[in-house]
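Tertiary structure, described
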Amino acid sequence: MTRTLTRPAPLPSPLRLGLARGGIELKQFFRQKEHVVFTFSMPAFLLVLLGSIFNDAFGNSGVTAGQVFTASMVGAGIVATSFVSMGIGVAVDREDGTLKRLRGTPMPAVSYFLGKIVLVAVSSVAEVILLLGVGMLLFDLSLPTELGRWLTFTWVFVLAVISCSLLGIAISALARSSQSAPAVTNIPYLGLQFISGVFINPITALPAAMVTVASFFPVKWISQGFRSVFLPDSMVVQEMAGSWEHGMTALVLTAWCVAGLALCLATFRWTNSRS
Amino acid sequence: MTRACAWRSTLGGMNAIEARGLGKTYRDVHAVRDVDLTVRQGEIFALLGPNGAGKTTTVEILEGHRDRDSGDARVLGEDPGKAGRAWRSRLGIVLQTATDAAQLTVAETVRHVARYYPNPREVDDVLDACGLTEKAGSRVRQLSGGQRRRLDVALGIVGNPELIFLDEPTTGFDPEARRQFWVLIENLARGGTTILLTTHYLDEAEALAGRVAVIAHGEIVAEGPPATLGGRATAEATVGWTDENGRHTKHTATPTALINQLSAGGRELAELTVSRPTLEDIYLDLIGDRQ
Ligand SMILES: Nc1ncnc2c1ncn2[C@@H]1O[C@H](COP(=O)(O)OP(=O)(O)O)[C@@H](O)[C@H]1O
Ligand SMILES: [Mg+2]
């Protein structure tokens, strides 16, 4: 084959390549059935079970446990599509040589991460829609109509997805192989769901010390944020602090975004072996 | 086209790869020691050596994938440890192992990687050249070992590189697939691409490469065109013949004179043979020296 000799064309822009990577990431994600089943459907599956087993109303508030589970599970669901999905996905990319191949091409690292952001954003939105669909169908959840609540939804969603994706990328470096990545990501994820008031409702039913531990991590704040979006304000009495604590939520999640970025920069590796 | 030539001429006369004194140690393993390599533009150069000789370490240093502990390297005029995107757009890299993109189809993968480059080749041409046209719609995970390897080459050449690295490209191929692969490599070289390939197959180096460097235990032990490697062309010949006393063999630097003397008076020598060491003899000798 003959090389065509043309004058050097400009390199494709990192943004364009990032979007192209995003398309490829989405294709690969949704073609990988096991991945989709575990990471994507598990929160919906758990929601159906939990909400059906415990479906009492909270006092005379008119709110059922199924609705509370739905709101909390939206938080836990996007932690799955960001933290767990990134933690496993990047470990797999490192092991199967995706990262090494990319590093040998003119594609910049920033485009790889843009592609991951596209994947996380799309799969997280799909996760939210799936979980809200379950909540509306099975547990009579009704979506809020006030703009303010959707603004809260937006900032909680954005901060949650960014902080958890960064932490997922960072933890992928801790997983020595793609086999260990699911355990390394799911153990903290599962543990935090138990102590953050996702599986156990209301959160005040948990020992205070456990919630204090959970308060250092994102899951508690993300789920609480979504409860403030999808539950009536009367439900605030079921929170540990007796308030939605929006300021604290924003603060903790922003701090995790910064810490996550620092951890990523400090731990990111292109390959498993020493270079 | 004039501009193309002007750009091309900036490389005129330069070597594609120049490495001096490359060294790399992993903990206590001296993987590569004092390696010098010069690969001229447009040639096929083979780095030949047994498993564990340091071939992958050497090429990955030149590709910018590994850091060297010592020495100097210039690949397409730049230091591979520091070069950026523009430099990588002029290279094609075929790694020793790759299992990525399992869920994508062959065509999707090649088309996607083509987008990374400023001047990619036509995807259909690349698939055709690599014998993958029929597999274009297949998922990558369903490919056989040989097809997967051809896909790796397709991904290595789709960016229209000036220089392509191939690390053990035909390991695990059947003889038929290997020959087809050689034709592909020769066609690439004929089209003006410089090729550095590693192999532990002697016949592959002999069939493809204009020049070969033999590496053993991290050191280059011989270098040159396959025909002259390790002094093959000038090595002593072995003359063999049979007479009434049985079979004789004699090593000599001047076989013609010996035969002339033996056949003096028009005597016919039965079963006369003149042989020189095969490349394999030389090769085994070279790598054996270090063992
Ligand atoms: N990442 C690594 N970590 C430790 N040792 C390595 C690593 N890569 C290669 N080696 C060692 O360096 C030597 C040369 O390996 P390599 O360059 O892969 O040889 P080849 O490609 O010729 O088989 C071997 O002894 C190998 O075990
Ligand atoms: Mg090797």
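Above this text you will find the structure in question.
In this report, we go over the structure that sits alongside the text. Throughout this document, residue positions are counted from 1 along each chain, in the order its sequence is written. Chain A is the first chain written and ligand 1 is the first ligand written, with later ones labelled in order. In keeping with the predicted nature of the model, local features appear solely for residues at pLDDT of at least 70, side-chain atom pairs appear and are counted solely at 80 or more, and the whole-chain, interface and lining totals rest on all residues. With hydrogens and water excluded, all non-hydrogen atoms of the structure serve as input to the side-chain values.

As for the sheet that holds strand β3 (residues 44-48) of chain B
Residues and elements named next belong to chain B. So the rule is basically this: Being paired, for any two strands, means DSSP has found at least two bridges between them. For the purposes of this entry, the term helix denotes a DSSP run of H or I that reaches at least four residues, the term strand denotes a run of E that reaches at least two, and both are numbered from the N terminus. Under this scheme, a helix contributes an axis fitted over its contacting stretch, all axes are lines through C-alpha atoms, and angles between N-to-C directions fall in the 0 to 180 degree range. The contact definition used throughout considers only heavy atoms, calling two residues in contact when any of these lie within 4.5 Å.
A sheet is described by the order of its strands in space; here six strands give the open sequence β5-β6-β7-β3-β8-β9, paired in mixed fashion. Strands at the two margins of the open sheet, each flanked by one partner only, are β5 (91-94) and β9 (219-224). Neighbouring strand axes in the sheet, compared pairwise and without regard to direction, differ in orientation by 15° on average. With five bridges connecting them, β3 and strand β7 (residues 194-199) associate as parallel partners. Note that in β7 the partner of Leu47 across the bridge is Thr198. Contacting β5 and β6 (163-167), helix α6 (residues 145-157) crosses the sheet at an angle of about 165° to β5.

Thoughts on the site of ligand 1
All names here are of chain B. Short version of the rule: Here, proximity means that at least one heavy atom of the residue falls within 4 Å of the molecule or strand. Polar contact criterion, stated in full: a pair of N or O atoms within 3.5 Å, where within protein one must be able to donate a hydrogen and the other to accept it, and residues adjacent in sequence count only if both atoms are side-chain atoms. The accessible surface values rely on the Shrake-Rupley method and a 1.4 Å probe; as for residues, cover is taken only from the protein chains in view. Under the grouping applied here, Gly and all other residues not named as nonpolar or charged are polar, the nonpolar ones being Ala, Val, Leu, Ile, Met, Phe, Trp, Tyr, Cys and Pro and the charged ones Asp, Glu, Lys and Arg.
If you check the shell around ligand 1, you find 14 residues, and the closest are Gly52, Gly54, Lys55, Thr56 and Thr57. At 3.2 Å from an oxygen atom of ligand 1 is found a main-chain nitrogen or oxygen belonging to Ala53. Arg66 places a polar side-chain atom, nitrogen or oxygen, 3.2 Å from a nitrogen atom of ligand 1. Considering ligand 1 on its own, with 560 Å² of exposed area, one finds that the protein chains cover 69% of that surface. Looking at the shell around ligand 1, the elements that each hand over two or more residues are β2 (29-40) and α2 (55-63). Within the shell around ligand 1, the residues separate by chemical class into five nonpolar, six polar and three charged.

Notes on the coordination of the magnesium ion (ligand 2)
Residue and element names in this part refer to chain B. What counts, and what does not: Here a donor is any nitrogen, oxygen or sulfur atom (N, O, S) within 2.8 Å of the metal, with 3.2 Å used for Na, K and Ca; water is not among the atoms considered, so some sites may look incomplete. Buried residues are those whose accessible area, probed at 1.4 Å on protein chains only, stays under 20% of the maximum for their type, while exposed residues exceed 50% and partly exposed ones sit between those limits.
For the magnesium ion (ligand 2), the full set of protein donor atoms is Thr56 (OG1) and Gln96 (OE1), at a range of 1.9 to 2.2 Å. In this pair, Thr56 sits in helix α2 while Gln96 sits in the loop between β5 and α4 (106-114), placing the two residues 40 residues apart along the sequence. Owing to a relative accessible area of 16%, Thr56 belongs among the buried residues under this scheme.

Quick word on the side chain of Thr238 of chain B
Looking at the element boundaries, Thr238 of chain B is found in strand β10 (residues 237-243). Each residue touching Thr238 of chain B, except ones within four places of it in the same chain, is listed here: Thr249, Lys250, His251, Thr273, Val274 and Ser275 of chain B.

Considering the interface of chain A and chain B
Selection rule: A 1.4 Å probe defines the accessible area here, and the buried area is the portion of it lost by two parts on being joined, summed over both. Any Lys or Arg side-chain nitrogen located within 4 Å of an Asp or Glu carboxyl oxygen qualifies as a salt bridge.
With 35 residues of chain A in contact, the opposing surface of chain B contributes 52 residues. Carbon and sulfur atoms make up 53% of the surface buried where chain A meets chain B, a total of about 4200 Å² over both sides. When residues of chain A are sorted by the area they lose upon contact with chain B, Met1, Arg3 and Arg101 of chain A head the list and together hold 22% of the total. Arg101 of chain A is the partner of Asp100 of chain B in a salt bridge, and the nearest nitrogen-oxygen pair spans 2.7 Å. At the level of elements, α1 (14-31) and α4 (98-103) of chain A are the ones that each hand at least two residues to the side of chain A that touches chain B.

Brief notes about helix α7 (residues 181-195) of chain A
Residue and element names in this part refer to chain A. The condition that has to hold: Multiply 1.5 Å by the residue count of a helix minus one, and that product is the helix's expected span.
Its 15 residues give α7 an end-to-end C-alpha distance of 22 Å, which sits within 8% of 21 Å, the value for a rise of 1.5 Å per residue. All of the buried residues along α7 are Ala181, Thr185, Tyr189, Leu192, Gln193 and Ile195. Buried residues along α7 sit against α2 (33-53), α3 (65-95), α6 (147-174), α8 (208-214) and α9 (218-230). One or two positions beyond α7, positive phi appears at Gly197, with a value near 80°.

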